[in-house]
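# Architecture and fold: a report
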Amino acid sequence: MLGDEKAILEDVEEDTKIQNLGYEQELKRSFGLLGMIGFAFSIVSSWTALGGVLIVGVESGGPPVMIYSWIGVCLFSLAVAYSMAEMCSAYPLAGGQYSWVAVLAPPKIARGMSWITGWFMIVGVLAMGATNNFIGANFILGLANLSFPNYSIERWHTVLLAYCIAALSTTVNIFGPHLLDRVSRFMLLWNITSFVIVVVTTLATNDHKQSASFVFSDFQNFTGFSTGFAAILGLLQSSFGMCCYDAPAHMSEASEMRDASREAPKAIIMAVYISSFTGLVFLISVCFCIGDIETISSSPTGVPLIQIFYDSTGSVVGACFLLSLIVVIILFCSNALLAEGSRSLYAFARDHGLPFSRFFATVNEERGVPIYAILLACGVQIALNSIYFGTLTGFNTVISIATEGFYLSYAMPLLARLIAWCTGDAKPLRGPYTLGRYSIWMNALGLLFLVFTSITFNFPTLSPVDKDNMNYTSAAIGVIALLSLVTWITTGHKAFTGPELAGEVPILDVRLGNMPQEARFDDKKADVVDL
């Protein structure tokens, strides 16, 4: 009974925090800490993500760059993760980054800055979902090619299978949201067990391992650029592998995490630590087992990792078994990314940030999930997957957009705090989890890392540069920024509210001093989050 009473009190406390920011707790609570760690780790799943984009690191510096850049990216990502964990503890809202910007930025720029952050955040998570669907389809079709060599993979096969993965994730999100916590806990065990099986089996069966000098010191450069520039390009693989660890922030309110202000920050940080370790061990293992690089990059399966498994085990069945373990993780990751994306859309629509916001902010009372936001997220993922019908380069651009969208959305709340600190508008973050006097310095370190990597995502990856191998990420990001600006001018500056104070007055208006007299609170009323 005491445990039940404690859980009830924690839920009431979390609901009060959310209500003080202007929201009703419409979605059911069921996630515990272990389930949320499993959910976040399944989305980050760095070792499987690194395997999916292995060719990027192989061509841009080879094993040394892959390993050392991973270590560096993980260390700097911890600065970002700790910073976001502190913000999440103070404001456990489904809006995540854009909600934090609305609260923490100087009042005069908070509304516009929050709007831009929301757009980059949503584009990033939806593009990442589309990328994951594509990788899953590629892996499944690669298994088919390995098992039946006469089968030839066509682009339309990949796109249609990606559609099926998106549809499956949508079905689970609508009809099985109550299973997410249990499945997430199971997937944490599956993920770690699969990691151990893959690493041990690959190392044990491979009888033609590379030398230690090849893995840790021999630089490989197939880009046509200088050595230093190629090493910078190699950061893309590591950056893609260490992404999406903000998931608990979006799910802390929306998907019913108990005691979110305490447990969600732990989930964010633990996901990064677990991903850092598994990613490093996986990279070292794979680099020792890589055969001829040209053979691997031109594998008929379309997936270099499948070729490495086959070359190591010498068995079609063995390679299929190892990759099947990863495919299960990718399929759950698709489900988790759709959940995160739909919750982000729901939160942004709730604050009038989308066209037809009232429609997409509707929560189904019976199932306790935003069904229309889920369907919208699925539709956008399918549209992005359709790009592969026309051009491979175009879809590679979507991958870069996904990573850069996330990193820019991570950078905005850190930038907001630093600007507020410089202008004297900074407010303390009064959640249960705090970095104390190290908070600002951690924010600055994380921001520098995010800005640097976001710039590198726009560089071309091959030289000489032409229209076929050009990196169009900068153009795509420019289109997104232009779309955000146009919608802000036409509707956003009038309709967008950001979080609201006790359900009556937008926080952004309060911080600008526009709160009407009838909506003011006196000291005897319920405790309101200090703004």
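Being a predicted model, the structure only gives us computed values, none of them experimental. (Residues numbered from 1 in each chain as written. Predicted model: local features only at pLDDT ≥ 70, side-chain atom pairs only at ≥ 80, totals over all residues. Heavy atoms only, no water.)

### Focus: unusual backbone geometry
So the rule is basically this: Secondary structure follows DSSP: runs of H or I at least 4 residues long count as helices, runs of E at least 2 residues long count as strands, and numbering of each begins at the N terminus.
Here the phi dihedral of Cys244 falls at roughly 75 degrees; this positive angle occurs in a residue that is not glycine. Along the chain, Cys244 turns up in the loop between α12 (235-241) and α13 (247-254). In the Ramachandran plot, Phe356 falls in the positive-phi region, its phi being about 55 degrees despite a non-glycine side chain. Along the chain, Phe356 falls in the loop between α17 (316-350) and α18 (357-360).

### Let's talk about the environment of Trp70
Rules: Accessibility here uses a 1.4 Å probe with only protein chains present; expressed as a share of the type maximum, an area under 20% marks a residue as buried, one over 50% as exposed, and anything in between as partly exposed. Residues are treated as being in contact if the distance between any of their heavy atoms lies within 4.5 Å. We define a polar contact as two N or O atoms separated by no more than 3.5 Å, with the added condition that, inside protein, one atom must be a possible hydrogen donor and the other a possible acceptor, whereas residues neighbouring each other in sequence contribute only through side-chain atom pairs.
Along the chain, Trp70 turns up in helix α5 (residues 63-90). Owing to a relative accessible area of 0%, Trp70 belongs among the buried residues under this scheme. Residues Trp70 and Gly241, 171 residues apart in the sequence, show an inter-C-alpha distance of 8.5 Å. With sequence-adjacent residues up to four places away left out, Trp70 is seen in contact with Ser46, Leu50, Val65, Ser238, Gly241, Met242, Ser275, Ser276, Gly279, Leu280 and Leu283. A distance of 3.1 Å separates a polar side-chain atom of Trp70 from the backbone oxygen of Ser276.

### Description of the side chain of Thr223
The residue Thr223 is located in the loop between β2 (220-221) and α11 (227-233) in this model. One polar contact links Thr223 to Asn221, side chain to side chain, over a distance of 2.7 Å. Side-chain polar atoms of Thr223 contact the backbone nitrogen of Phe225, separated by 3.1 Å. Setting aside chain neighbours within four positions, we find Thr223 in contact with Glu59, Ser60, Ala230, Leu233, Thr461, Leu462 and Ser463.

### Quick notes on empty space enclosed by the protein
Put simply, the test is: Here a cavity means grid points, on a 1 Å grid over the protein atoms only, where a 1.4 Å probe fits yet cannot get out; a pocket means an open set of points with protein on both sides within 12 Å along at least five of seven lines; lining residues are those with an atom within 4 Å of a point. Grid points are joined across faces, edges and corners, and a volume is the space filled by probe spheres set on the points. Just so you know the grouping, Ala, Val, Leu, Ile, Met, Phe, Trp, Tyr, Cys and Pro go in nonpolar, Asp, Glu, Lys and Arg go in charged, and all remaining residues, Gly too, go in polar.
Taken as a whole, this structure holds two cavities of 30 Å³ or more when the rule is applied. Size it by volume and the largest cavity reaches roughly 180 Å³. Residue assignment for the lining of the largest cavity shows that the elements contributing at least two residues are α2 (33-44), α3 (46-52), α7 (107-147), α12 and α17. Grouping the amino acids of the lining of the largest cavity by side-chain chemistry returns 12 nonpolar, six polar and no charged.

### So, the pattern of salt bridges
Side chains that differ in charge, positive against negative, can pair when their charged atoms come close. Test applied: By definition here, a salt bridge exists when the distance from a side-chain nitrogen of Lys or Arg to a carboxyl oxygen of Asp or Glu is within 4 Å.
Inspection of the entire model under this criterion finds two salt bridges. Of the charged contacts in the structure, one is a salt bridge between Arg417 and Glu86, with a shortest N-O distance of 3.6 Å. Of this pair, Arg417 sits in helix α20 (residues 392-423) while Glu86 sits in helix α5; the two residues are 331 residues apart in sequence, bridging distant segments of the chain. Classification of Glu86 by relative accessible area gives buried; the value is 3%. Here Glu263 and Lys266 are joined by a salt bridge, their closest N and O atoms 3.7 Å apart. Of the two residues, Glu263 and Lys266 both sit in helix α14 (residues 260-289), three residues apart, roughly one turn of that helix.

### Some details on the layout of surface pockets
The space that makes up the second largest pocket amounts to roughly 450 Å³. In terms of lining, the second largest pocket is formed by 21 residues, of which the most central are Trp119, Ile122, Val123, Leu126 and Val380. Counting residues per element, the ones that place at least two in the lining of the second largest pocket are α7, α17, α19 (371-385), α20 and α22 (473-495). Looking at the lining of the second largest pocket residue by residue, the classes come out as 19 nonpolar, two polar and no charged.

### Section: the nonpolar core
The test is simple: The definition of a nonpolar core used throughout is a set of buried Ala, Val, Leu, Ile, Met, Phe, Trp, Tyr and Cys residues joined through side-chain atoms within 4.5 Å.
If you look at the biggest cluster of nonpolar residues, it comprises 125 residues, and the most contacted ones within it are Tyr245 and Tyr407. Sorting elements by how many residues they give to this core places α17 first, with 19 residues. Setting aside residues up to four positions removed in sequence, Tyr407 forms contacts with Val73, Ser239, Met242, Cys243, Phe449, Leu450, Thr453, Ser454 and Phe457. By size, the runner-up hydrophobic cluster in this structure holds six residues, among which are Ala105, Ala110, Met412 and Ala416.

### Overview of a nonpolar patch on the surface
Heads up, the rule is: Each patch is built from salt-bridge-free residues with over 30% relative accessible area, joining like charges within 9 Å and nonpolar side chains (Val, Leu, Ile, Met, Phe, Trp, Tyr) within 5 Å. Every accessible area reported is derived by Shrake-Rupley at a probe size of 1.4 Å, with residue values counting cover from the shown protein chains alone.
A cluster of nonpolar residues, Tyr68, Ile71, Leu75 and Phe216, forms a patch on the protein surface that exposes about 380 Å² of accessible area. Sort the elements by how many residues they give to the nonpolar patch and α5 lands first, with three residues. Residue placement: Leu75 occurs in helix α5.

### Focus: helix α6 (residues 97-104)
For α6, a buried count of eight out of eight residues is recorded, marking the element as mostly surrounded by other parts of the structure. Of the positions making up α6, those classed as buried are Gln97, Tyr98, Ser99, Trp100, Val101, Ala102, Val103 and Leu104.

### Comments concerning the confidence of the model for the chain
Stated precisely, the cut-off is as follows: The pLDDT value expresses, per residue, how confident the predictor is, ranging between 0 and 100.
Per-residue pLDDT for the chain averages 81, and the proportion of residues at 70 or more is 84%. Mean pLDDT in the chain bottoms out at strand β4 (residues 505-506), which sits at 44, and peaks at helix α21 (residues 439-456), which reaches 94. The low-confidence segment residues 501-506 (pLDDT under 50) makes 26 contacts with residues lying over four places distant or belonging to another chain. Predicted confidence is poor over residues 515-531, with pLDDT under 50, and the contacts of this stretch with residues over four places away or in other chains come to 27 contacts.

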